[in-house]
There are 2 protein chains.
Amino acid sequence: MNQYLDFAIDLAERVQGQTGTNPSVGAVIVKDHKIIGFGAHLKKGEAHAEIQALKMAGEEAQGATIYVSLEPCSHYGLTPPCAKAIIDNGIQSVVYAVKDGSLKNSGHEMLYEAGIDVKHEPSKRAEDLYEAFFQQQQTKLPFITLKISTSLDGKVATDYKESKWITSKEVKQDVLKLRSQHDAIITGGMTVREDNPLLTSRNPELSNPTRIVLTEQSSFEGDYEIFKDEDNPVVVVTSSESFHTYENQHIKVKNSDLSNLKTIMKDLYEEGYAQVMVEAGPKLVSQFIEQDLVDQLIIYQAPKMIGGQGKYQYYQTQDVVPLSNSKLFQIISTEIIGGDLKITLRKK
Amino acid sequence: MNQYLDFAIDLAERVQGQTGTNPSVGAVIVKDHKIIGFGAHLKKGEAHAEIQALKMAGEEAQGATIYVSLEPCSHYGLTPPCAKAIIDNGIQSVVYAVKDGSLKNSGHEMLYEAGIDVKHEPSKRAEDLYEAFFQQQQTKLPFITLKISTSLDGKVATDYKESKWITSKEVKQDVLKLRSQHDAIITGGMTVREDNPLLTSRNPELSNPTRIVLTEQSSFEGDYEIFKDEDNPVVVVTSSESFHTYENQHIKVKNSDLSNLKTIMKDLYEEGYAQVMVEAGPKLVSQFIEQDLVDQLIIYQAPKMIGGQGKYQYYQTQDVVPLSNSKLFQIISTEIIGGDLKITLRKK
């Protein structure tokens with residue numbers, strides 16, 4: 001792997017999770033074996049990585065090589081096409097790691113036709129970085145992670161609903177970090193009412209997600225943490241036409257049919273939520289699984305057995321489906337955290 | 001680690017699982033930097049490792065050093081004490097890896113008092129080898145492994161009882177090998193009637209366990225694999241006073257109260273079953289867990305979700321216990337086999 005392209009991918013990884021539905025991209029400009037500019041796309045609507053790097057390089061860009069983690073764009077979106085800026089600034093060669101199949105017109109072609117030496121140098125690391133982005137381009141849905149903390153025997157609480165704490169403190173820390181890597185956390189009204197979670201990263205050094213609460217009720221009686229924390233937005237999605245909201249609050253209320261999670265997810269994607277994580281009770285968790293909406297599953301299993309009748313098994317459905325139609329995942333990795341097992345899986 | 005002691009532990013590992021309730025032991029005799037004898041305890045009631053090695057060394061043993069994986073025994077059991085044979089054969093030094101706390105009189109002391117140079121050289125590998133043996137010395141119970149093949153959400157079948165196949169072919173191979181490492185496989189009458197398993201290792205190169213069937217019924221109607229296979233013994237443990245056995249069969253029938261699994265296990269240990277594995281349906285599996293009889297848990301999790309109401313969750317109990325009393329295990333290792341996750345746990 002070329003060291004400059006490697007650096008560009010590093011930059012892209014550093015800003016991953018802060019660009020919303022845009023891909024995170026890094027760019028490095030090199031001339032006479034020296035780095036003369038670099039940049040990354042920091043936020044949707046702001047300058048792309050190539051533009052940041054060109055700005056740093058200034059007139060030096062003339063005759064230089066630019067290394068980019070993703071094929072430069074060729075379209076007018078919220079910003080003008082990067083391929084045009086590369087051409088206009090007199091760049092001589094372009095090396096990029098991943099082809100952008102979502103472009104209507106190839107940036108590669110546009111650069112090549114302008115007489116620039118263009119090279120696609122594939123990288124597995126960069127491909128992994130854009131997997132979710134390309135999927136979103138097709139589905140127009142956020143990349144949905146479902147997080148579950150469970151006993152070994154698949155229960156999230158005893159039959160008497162005791163659930164604090166099944167997994168370890170170390171798992172809790174891991175979950176706080178996971179939250180900061182998502183644009184939004186989705187939960188159910190029942191979880192808010194019964195567990196009263198804050199659903200932030202609880203760490204001033206980490207960013208916080210928007211909290212999205214799905215509820216069929218028309219109000220929240222009581223003083224919940226999630227609503228008290230005014231620093232971070234809350235969106236209540238409710239099927240109730242007469243939802244009674246708090247006054248002077250940072251809370252947005254939306255009406256939607258809660259039985260169709262896919263439509264709610266599509267709306268979230270359109271509003272710029274690209275990476276969302278579901279942390280909820282068995283009812284909502286089961287709906288996400290049953291409606292095939294889980295892209296990634298992160299399951300923390302405590303090595304303990306709860307037993308009972310399994311009233312709070314995390315996956316319960318009305319329908320009994322044949323084994324051949326059970327929901328399939330693929331194990332990506334396993335890790336032991338504070339004595340518990342963390343299993344990361346992807347939809348198969 | 002001394003190379004000869006290492007060899008002695010290797011020998012002990014090679015014969016692990018074939019010595020019943022006796023520990024597997026290896027011994028190596030060395031004189032003038034050359035190996036002049038070695039042996040292992042092959043079968044309960046037959047010569048111990050030290051005796052085998054002394055026999056191979058013959059008169060050369062005079063003035064030699066013997067390396068043994070476990071402290072030589074000092075008591076008359078089924079065979080005379082090894083410490084006495086070591087003394088009688090003129091051995092000059094003894095090096096052993098693990099102290100045998102189950103001995104009434106220390107073999108170390110007996111050798112030392114006879115003027116032999118005795119050294120205890122601890123080894124983690126050898127300690128692991130004897131963990132189950134020492135536990136059995138105290139509990140007088142077999143070391144009980146519970147094997148479960150389950151979906152990610154803790155079910156061993158759909159609500160309509162479809163269970164073939166939840167886990168992969170590769171897992172099946174792994175289970176066949178596991179069977180050969182146990183003296184007996186314990187199952188329930190219902191599993192025999194409904195799944196009709198053979199419960200052997202299905203490999204002429206591997207040894208086969210005794211099949212032990214626990215049943216409340218008074219007979220088995222039909223032609224079950226487990227009874228047809230006359231090469232390997234079957235023990236039926238039944239609470240029915242009038243169990244009707246097959247004629248001309250290799251089947252032993254025992255009467256016992258099935259609600260007290262611990263007594264049944266104690267009886268098995270007395271009959272020489274040191275390592276047993278439970279492969280059964282949710283009812284028997286749940287009883288073993290609830291009665292705290294599981295020393296080791298080997299759980300194969302297919303990365304799929306079955307859902308439904310969880311009629312066949314593998315762990316179900318009548319009682320609801322507080323979380324603080326849930327059954328605790330400790331994760332020893334994880335491995336991916338044919339796309340499924342194998343988790344090995346020990347009782348905590």
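Here the structure is shown first, and the text comes after it.
For the structure given in this document, a descriptive report is provided here.

The rules behind these values
- Residues numbered from 1 in each chain as written.
- Chains lettered and ligands numbered in written order.
- Predicted model: local features only at pLDDT ≥ 70, side-chain atom pairs only at ≥ 80, totals over all residues.
- Heavy atoms only, no water.
- Helix = DSSP H or I, 4+ residues; strand = E, 2+ residues; numbered from the N terminus.
- Buried < 20%, exposed > 50% of the residue type's maximum accessible area, 1.4 Å probe, protein only.
- Areas by Shrake-Rupley, 256 points an atom, 1.4 Å probe, with all protein chains shown as cover.
- Lys, Arg positive; Asp, Glu negative; His and termini not counted.
- Charge placed at Lys NZ, Arg CZ, Asp CG, Glu CD.
- Salt bridge = Lys/Arg side-chain N within 4 Å of Asp/Glu carboxyl O.
- Pairing = 2+ DSSP bridges.
- Axes fitted to C-alpha atoms, helices over the stretch in contact; angles between N-to-C directions.
- 1 Å grid on protein atoms, 1.4 Å probe; cavity = no way out; pocket = protein on both sides within 12 Å on 5 of 7 lines; lining within 4 Å.
- Points joined across faces, edges and corners; volume = space filled by probe spheres on them.
- Patch = residues over 30% accessible without salt bridge, like charges linked within 9 Å, V, L, I, M, F, W, Y side chains within 5 Å.
- Least-squares fit on C-alpha atoms with pLDDT ≥ 70 in both.
- Contact = heavy atoms within 4.5 Å.
- Buried area = accessible area lost by both parts, 1.4 Å probe.
- Polar contact = N/O pair within 3.5 Å; in protein donor to acceptor, adjacent residues only side chain to side chain.
- Nonpolar A, V, L, I, M, F, W, Y, C, P; charged D, E, K, R; others polar.
- Parallel < 35°, antiparallel > 145°, perpendicular 65-115°, else oblique.
- Left-handed = near helix turned anticlockwise from the far one by under 90°.

## Things to note about the overall build of chain A
The helix and strand inventory of chain A stands at 10 helices and 15 strands. Out of the 348 residues belonging to chain A, those deemed buried represent 55%. Entry remark: accessible area of chain A is about 16,100 Å², with carbon and sulfur atoms responsible for 46%. Positive and negative charge centroids in chain A, built from 37 and 47 side chains respectively, lie 2 Å apart.

## Here's the deal with the pattern of salt bridges
Residues and elements named next belong to chain A. By the definition in use, this model includes 36 salt bridges over all chains. We note a salt bridge from Glu13 to Arg125, for which the minimum N-O separation is 3.0 Å. Placement of Glu13 in helix α1 (residues 3-14) and of Arg125 in helix α5 (residues 124-139) is noted, with a sequence separation of 112 residues between them. On the accessibility criterion, Glu13 (32% relative accessible area) is partly exposed. Note that Lys252 is salt-bridged to Glu271, the shortest N-O span being 3.9 Å. Taken together, the residues Lys252 in strand β10 (residues 251-255) and Glu271 in the loop between α9 (261-270) and β11 (275-278) connect sequence positions 19 residues apart.

## A few points about the sheet that holds strand β1 (residues 26-31) of chain A
Residues and elements named next belong to chain A. Spatial ordering of the open sheet is given by β2-β1-β3-β4-β5, a layout of five strands whose pairing is mixed. The strands lining the two open edges of the sheet, one partner per strand, are β2 (34-40) and β5 (117-120). This sheet shows a mean twist of 15° between the axes of neighbouring strands, independent of strand direction. Pairing geometry for β1 and β2, over six bridges, is antiparallel. Bridging across to β2, Ile29 finds its partner in Gly37.

## Considering empty space enclosed by the protein
Residue and element names in this part refer to chain A. According to the stated counting rule, one finds one cavity of 30 Å³ or more in the structure shown. The space that makes up the largest cavity amounts to roughly 150 Å³. Along the wall of the largest cavity there are 16 residues; nearest its centre are Gly20, Asn22, Pro23, Ser24 and Gln275. With five residues, the single largest contributor to the lining of the largest cavity is α5.

## A word on a positive patch on the surface
On the surface, a cluster of positive charge is contributed by Lys44, Lys104, Lys140, Lys262, Lys266 and Lys347 of chain A. For Lys347 of chain A, the location among the structural elements is in strand β15 (residues 340-347).

## Here we look at the relation of the copies chain A and chain B
When chain A is brought onto chain B, the operation consists of a screw motion whose angular component is 180° and whose axial shift is 0.0 Å, with 0.0 Å RMSD remaining. One copy is carried onto the other by what is essentially a two-fold rotation axis. Closest to the rotation axis within chain A is the C-alpha of Gly154 of chain A, separated from it by 2.4 Å.

## Re the interface of chain A and chain B
At the interface, 49 residues of chain A touch 49 residues of chain B. On the chain A side of the contact with chain B, Met305, Val320 and Leu323 of chain A bury the most area, a combined 20% of that side's loss. Seen at the junction of chain A and chain B, the total is zero salt bridges. Connecting chain A to chain B are 19 residue pairs in polar contact (both at pLDDT 80 or more). Counting only elements with at least two residues in the side of chain A that touches chain B, the list comes to β12 (296-302), β13 (304-305), β14 (327-337) and β15 of chain A. Among the elements that line the side of chain A that touches chain B, the one with the most residues is β14 of chain A, at seven residues. Classifying every residue of the side of chain A that touches chain B gives 23 nonpolar, 17 polar and nine charged.

## Notes on a nonpolar patch on the surface
All names here are of chain A. A surface patch of nonpolar side chains, amounting to about 270 Å² of accessible area, comprises Ile35, Phe38 and Met56. If you trace the backbone, Ile35 turns up in strand β2. Look at Ile35 and you get partly exposed, because its relative accessible area is 42%.

## Structural notes on the packing of helix α1 (residues 3-14) of chain B against helix α5 (residues 124-139) of chain B
In a pair of packed helices, the angle between the axes and the distance between the axes together describe the arrangement. All names here are of chain B. At their nearest, the axes of α1 and α5 sit 10 Å apart, and the two run at 25° to each other. Comparing the axis directions of α1 and α5 gives the class roughly parallel. Every pair of crossing elements has a handedness; the one defined by α1 and α5 is left-handed. On α5, the residues touching Asp6, Ile9, Asp10, Ala12 and Glu13 of α1 are Arg125, Ala126, Leu129 and Tyr130. Tallied by class, the residues present in the contact of α1 with α5 amount to five nonpolar, no polar and four charged.

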